[in-house]
Every structure is written in C-alpha cells, then in structure tokens.
Amino acid sequence: MPSRVYQDEEDARLDTVVVVDGAPIVTDRKVEALTKVLRKLFSEAGRVRDDAFHMPMGPDGKSKGYVFIGFETPEQANAAVRKLNNKRLDNKHTLLVNKFTDIEKYGSQDEEDIREEAFEEPAEEPYEDQEHLRSWLKESNCVDQFIMFKGEDVGVYWNRKAEPPESVVNRSKWTEAYVAWSPLGTFLCSVHHQGVQLWGGEEFSRKSRFLHPGVQLLDFSPCENYLVTYSPEPIQLVPEDSPMRASFPFTSTDEGKHIVVWNIKTGLPMRTFSASVGEDANRGPAGHKKINWPAFKWSCDDKFLARVVPGQQIFVYETPGMGLLDKKSIKIEGVVDFEFCPTPYKGKDDHIISYWTPEINNQSARVTLMAVKSKEIVRTRNLFNVADCRLHWQSDGQFLCVKVVRFTKTKKSTFTNLEFFRMHEKNIPIEVVELKETVVNFAWEPAGDRFVFISSTEAAAMAALAMAGPRGQANAAMIKPPTGPSKTFVCFYGLERSKGSSGEFHEIKTVERKSSNSIFWSPKGRFVVVASVGGTSTNTGELDFWDFDFEGEKQEMAEGSEDVPANLALMASGQHYQLTDIAWDPTGRYVATSSSMWGRAIETGYRIWDLRGSLVREEHVERFKQFLWRPRPPTLLSKDQQRDVRKNLREYSRIFEQEDIAEESQASKELIAARLRALEEWRAWRKQVESEIAEERDGVLPLAQGGNSPDDEEVVEEIVEEIISETEEVIEN
C-alpha cells in the first residue's frame, strides 16, 4: 500500500513537467542566457518551479537540444503545451512541447502492445457547407456593395444606380463605435468596447472575434493575414479564479501593453507592444498623448512590419514569428519617417524602405533607400535648408516622389521641391521639379506616371509647423507671415513618355481654385476628383471632375507638354454642402460623396456621381455616419488578358451600353406598370367611397320625411376668377 501511494505522488509530480524539444544547442557559456529566455517564455503559461528546470549537457560541452521544465500545477503544464507547442523561437528553431507523462506513457509501450490495441474508428462528422467569403464577386453585372451606418443601424447594400439601393443585410446595434472593411473586402469589421469582430459570407455571419477591452483603432495588413488593434486602456489580467481566464488570450508578459498584433486565421495574439516608443515611453499613459496611427507600416506581402522611434532607429519585425529581423533594430541617427516600397525589390527576395533624416550638426539632410534584409544602401540624396519632407511612392514602385519643403536663404519663407527617384532605371537617376509655392497635397495616378498636387501661397509661411518637436517650432518662428491675398493652385503633371529615359515630368495644366484641398484618383487611373473637404459651415463642398484622356476635341495644354500623353479636360463641376468624405467605388465607375454627423455636418446624407460628374442619386439621411464601398481583391486576369480587354474595349462598351438601355427600359416598364396598378387601386377606392357616400345620403334624406329625391337635386357649378398678379408694360412702336 505505501508503495502505491508513493507511485501516485510521483505520477502527480511528473504530471507538472513538460519536455521541450527543438531548443538551440549551446555551449556552457550560453546556457545561462538560454535559460533566462526559456524561463521567461514558459512563465507565460504559469510559474516555473525554481528546482524544476533541467537542460541536459553532452560530453562535448554542448546542450542536447531539449529541456525539462516543471510547473506548480498540471493545469499550468497543460497550458504550456497548448500555447507554446510549435512556437517559433527564431528563424532556425521551433519548439515542440509535450507532457512528460505522455512521453513516458507512449514510450514505455511495446510495439506489439500498440498493435494489439483495438482500433476505434473515429465517428465521421457530417459535412457542413461553408459560406463563400467572396460570394459578392459572383454578381454577373459587377455591381458593387457598400455599407451605410446611420443612427444605430448598419446595412450592406447593392448599388442600383439611380434606383434605391438593394438591401443585403441590415442590423441594429451591429457596432458600438464604427465599421470598416478589410483591404480585400473579405471581412466586415465591427468595433465594440470588449474588442473587434469580423463578419463575412453571404449571411454576414461572425467569423472571428478578438478580445481587446477598450479598443479604438484598428489596421489590417495588406493581404488580410494580420490585424493590429489599439486601446488606450492597458491590458490587465483577469483573476485566476475568473471563468474568463481560460479564454483570455493574454499572459503576464502582455500586461500594461496597448497594441496587439493578431493572426486573423487563428484568432490569437502574436505579440503585444507599448503605445509609446523611445523617449515618449516615459511620458505617462498613452491615453494622455495622441498616438500616430497606424503605429506599424507593412510590406506589400505581409512579411514585415516596422515601426520608427523618431530620432533613433527603426524596428523591423518578421512574420509569423514576430521577432526582430536579425535580432536587432536598424540604428539611424535622427530618422524622422519611413515608407515601404509597394513592390518587392526587383529580382531579389527583399524589400526597400525609404527614410529621411534632418540636418544634424554639420551633416546635411538626407533621403536614403535601403534594402530591408541585406541592409544594402541602394541610393542616397543629400538635401539642404530642409524644413520638412514627405515620401510618396507610386503604386507600382516605379517612382518615389520626395516632397521637400525648403527655406530660402534668408529663412523667412519656404518653397517646395519635388524630387523624383526613377527606380526602374540604371543607377536610379533623380529629377527635380522646383516650385515657388508650398505643396499641401500630392497624389500619384494609380499604376501611372501622372500626378496632381495642390499648392498654396498662404501655406508656405506655415510649412515648418508640420514638423514635430521643438526644432520644428523654432523653424516656424523664423518664417515671415505672408502678405497679400492667398492663392491656391491645382497643378497637373505627366511624364514625357515618348522620349523614353530622357523624358521629364512636365506641367500639363494649372488652374486656380480657392478652396480645393483634397485629391481623389479613380482606382483605375485616368479620372480624378479635386474637391474641398471639411464639415465646417463655410465649406461649400466644391467638386471638379477631370479626365486625363478626354476623347473629344484637343484641349488647351501648357506650353511644352506636347510629349506628355494626356488630353486633360474638366468634365463637370458640382457641390455637396459640408462635404466630409469622398470615395471611389473599386471599379472606378462611381464616386460617393457624403456629409457625416461625425464631421460636424448639419445636412447629413450621401450622393453618388458617375465618373463624368453627373449626379446619379442623392439621399438625405438623418444621423448619417459612414458610407464605405466594399473593396475588391486584385484581378485574376493575366497582363496579356488585361491587354486584350483594353484593346477590345470599344466592342465591350457597345455590349454594356445595350445592357444599360435594356435595363433602363425594363425599369421604365416596371415603373409604368407600378403607376398603372396604383391608378387602378385609386379608382377602385374612389368607387367604393362614392358608393358609401350615396348610401349615407339615402339614410339622411329619406323620402318619407319630405326630403327631395336625389333625382330632383340640382347641381350648381360656380366659377371663381382670382387675379394673382398684374403687370403693366408699355410697348413702344
């Protein structure tokens, strides 16, 4: 009996031990460091006993690659297996975690005993159809969906042009804050105090939820693999005896953090971060400081995400392990901002980031292009008298435009240079376009070599205020306030494509617009909307619809722009009072303008315009908040197939025009039929009312009481003339 009790106690003690295989093989000098790393990692699952960490060593003085770790309870050991099995420690090591008792159980059985065990065939689970997450793409006429948030109701609709939108789903209190689409349109995201939920499929059923109390901001990776959420409330662990502890996704190492990176497929957190980095980390809770969002910038293929510590370094993390690339940050003295190139580094399995540093001591300001993995410096550009810089990549990665705001020699005013890095040419040559005014907005044509920018004389004096920190404020103080009336210009530029590599960016046209401040390109290029956006009472919401390839008569262009492939024309102008938001649909056929109550607009609602600037539909909506087109994933057609479509576009256009005419005709027939039905219903109702009145009249005036017969009644019609207005006009012979 005592031996049996001793055996049970030993089994219970061994049930708290896990075996970790796949650990790095290290020498005696590195055992202590590896022990600290593994102890910290496995402390996420529970408390590791002081006397229960054993790393076997070989006769050659190196570890054997596996470790025994003991916890206080079997539940903690089970949690370690569940959370840390297949955990990627670094690029070369993935940990395999198993219970010691499981290894002993299966390892002690003879092969014959295992074969003699009766095999029990698992029960076959019934097949359940899964919802197609991209079912809306099967719509034969390529009609787009949009989401509208008004009051407490959130609805998804089909765009039916001038007709009322067709409802797909409408739910009350679907979200507590706002809604958002994922970048490829697969998921609809709703934001709640307890976290974020993703919805999808034809019925918009819930697909995932991510527990993050107090969440306010979110950001998807470009390929929809990951989700980043931010909450001003630091993560706090729930008590161990709470029923929520088992499903709570965070551990003690996440406590006090504000930002979480999630794996969308598994629904589990990959890593947590503080809201502030560098010196800002010691300035109190993030809730007391405005956060720059998105906090991380992604590479185009979701392989990397990066974050800048202003003035010090850039942290680049590699997915899915979420470890620092090469286990160290990229030290860059004075770094202000950076951007990923939207396409991979040509011919290499790498990515390029562009970053800029201001003038420090005797060193000039500089823009640098660097390969992320190899740390190769691809190109640099020295700049002088710099007040501010902005980095604008063209969507195909062919060009990088650096908008440089510079001081004049007296440092009492500023001007702007646009410096273009031509990425696909040998040695990456740089072209400079020098301007007298300050550029306040810049936008590339998607997948094109044309661009639009807005410049202003009034903004020139205040350009340095955009810089962060005391240095920017000091520079702003040196600028002389502007004199005379301010002017705003909208400028259109294009590349002299016919000249090949010797072609330069040249002005196509410049127009003066007093209130324009925003540029919105069609996702397919060619068409652009220049608008005045802002929900203030003084904003008239002016809209200009421009076509870069107008097919009518040749338009007047700037001198010397003959080699630029463009025929720029203003197709239409419009207005949307207190305009707060503008968005193109993903096919580039329609533009939605809206006035949201969040933007302090009084007259809330939305309007839909076609690409030529004709108003298609207008709807005033009380307590209107959001209008968002549903994005579409990239086309599956090859470049050759797309080229064939563009080549035969006129033929396709005739087919589409016939379909539109048939659709309008059908709509007209349905409208006429509906009106006829309403007219017949009204006539029937009138006939019924007349008969009821006749019956009542017979009861009120019976002949027995001396009343007149209805046949003896006389109907008298009286015509009354009324003069509404009178004017006197003298006609001279």
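Provided above is the structure to which this section pertains.
Residues numbered from 1 in each chain as written. Predicted model: local features only at pLDDT ≥ 70, side-chain atom pairs only at ≥ 80, totals over all residues. Heavy atoms only, no water.

## Side note on the environment of Met322
The condition is simple: In DSSP terms, a helix is any run of H or I states spanning at least four residues, a strand is any run of E spanning at least two, and both are numbered starting from the N terminus. Whether two residues touch is decided by their heavy atoms; if any such pair falls within 4.5 Å, the residues are in contact.
Within the secondary structure layout, Met322 lies in the loop between β19 (313–318) and β20 (323–324). Expressed as a C-alpha distance, the spacing of Met322 and Asp90, which sit 232 residues apart in the sequence, is 9.1 Å. Setting aside anything within four residues of it in sequence, one finds Met322 in contact with Val261, Met270, Arg271, Phe273, Leu305 and Tyr317.

## Looking at the environment of Asp302
Selection rule: Here a polar contact is recorded for every N or O atom pair within 3.5 Å, except that within protein the pair must consist of a potential hydrogen donor and a potential acceptor, and residues adjacent in sequence are included only if both atoms are side-chain atoms.
Position of Asp302 relative to the elements: it lies in the loop between β17 (297–298) and β18 (304–309). For the pair Asp302 and Phe220, spaced 82 residues apart in sequence, the C-alpha to C-alpha distance is 9.9 Å. Side-chain polar atoms of Asp302 contact the side chain of Asn225, separated by 3.0 Å.

## Some words on the sheet that holds strand β1 (residues 17–21)
Threshold: Strand pairing is assigned whenever DSSP detects at least two bridges linking the two strands. Axis geometry follows a simple rule: fit a line to the C-alpha atoms, using only the stretch in contact for helices, then measure angles between N-to-C directions, giving values from 0 to 180 degrees.
What the five strands build is an open sheet, ordered β2-β3-β1-β5-β4; its pairing is antiparallel. Of all the strands in the sheet, just β2 (48–54) and β4 (87–88) have a single pairing partner and so form its edges. The strands that helix α2 (residues 28–42) touches are β1, β2, β3 (66–71), β4 and β5 (94–99); relative to β2, the one it contacts most, it runs at about 130 degrees. In this fold helix α3 (residues 74–84) packs onto β1, β3, β4 and β5, with an angle of close to 145 degrees to the strand it touches most, β5.

## So, the sheet that holds strand β30 (residues 438–444)
Ordered by their spatial adjacency, four strands build an open sheet running β30-β31-β32-β33, and the pairing between neighbours is antiparallel. One side of each edge strand has no neighbouring strand; the edge strands of this open sheet are β30 and β33 (505–512). Looking at each pair of strands side by side, their axes are set apart by 20 degrees on average, direction ignored. Sheet analysis places strand β31 (residues 451–456) next to strand β32 (residues 488–495), joined by six bridges and oriented antiparallel. Paired with Phe453 across the strands is Cys491, a residue of β32.

## Regarding α3
This is how it is decided: Burial classes: relative accessible area under 20% of the type maximum marks a residue as buried, over 50% as exposed, and values in between as partly exposed (1.4 Å probe, protein chains only). The arc in question is formed by the directions pointing from the helix axis toward the C-beta atoms.
Buried within α3 are the following residues: Gln76, Ala77, Ala79, Ala80 and Leu84. Seen from one end, α3 has its buried residues packed into an arc of 160 degrees, which puts them on one side. More than 90 degrees from the buried face of α3, the exposed residues found are Glu75 and Arg82. Elements that come into contact with the buried residues of α3 comprise β1, α2, β3, β4 and β5. Two residues or fewer after α3 comes Asn86, characterised by a positive phi angle close to 65 degrees.

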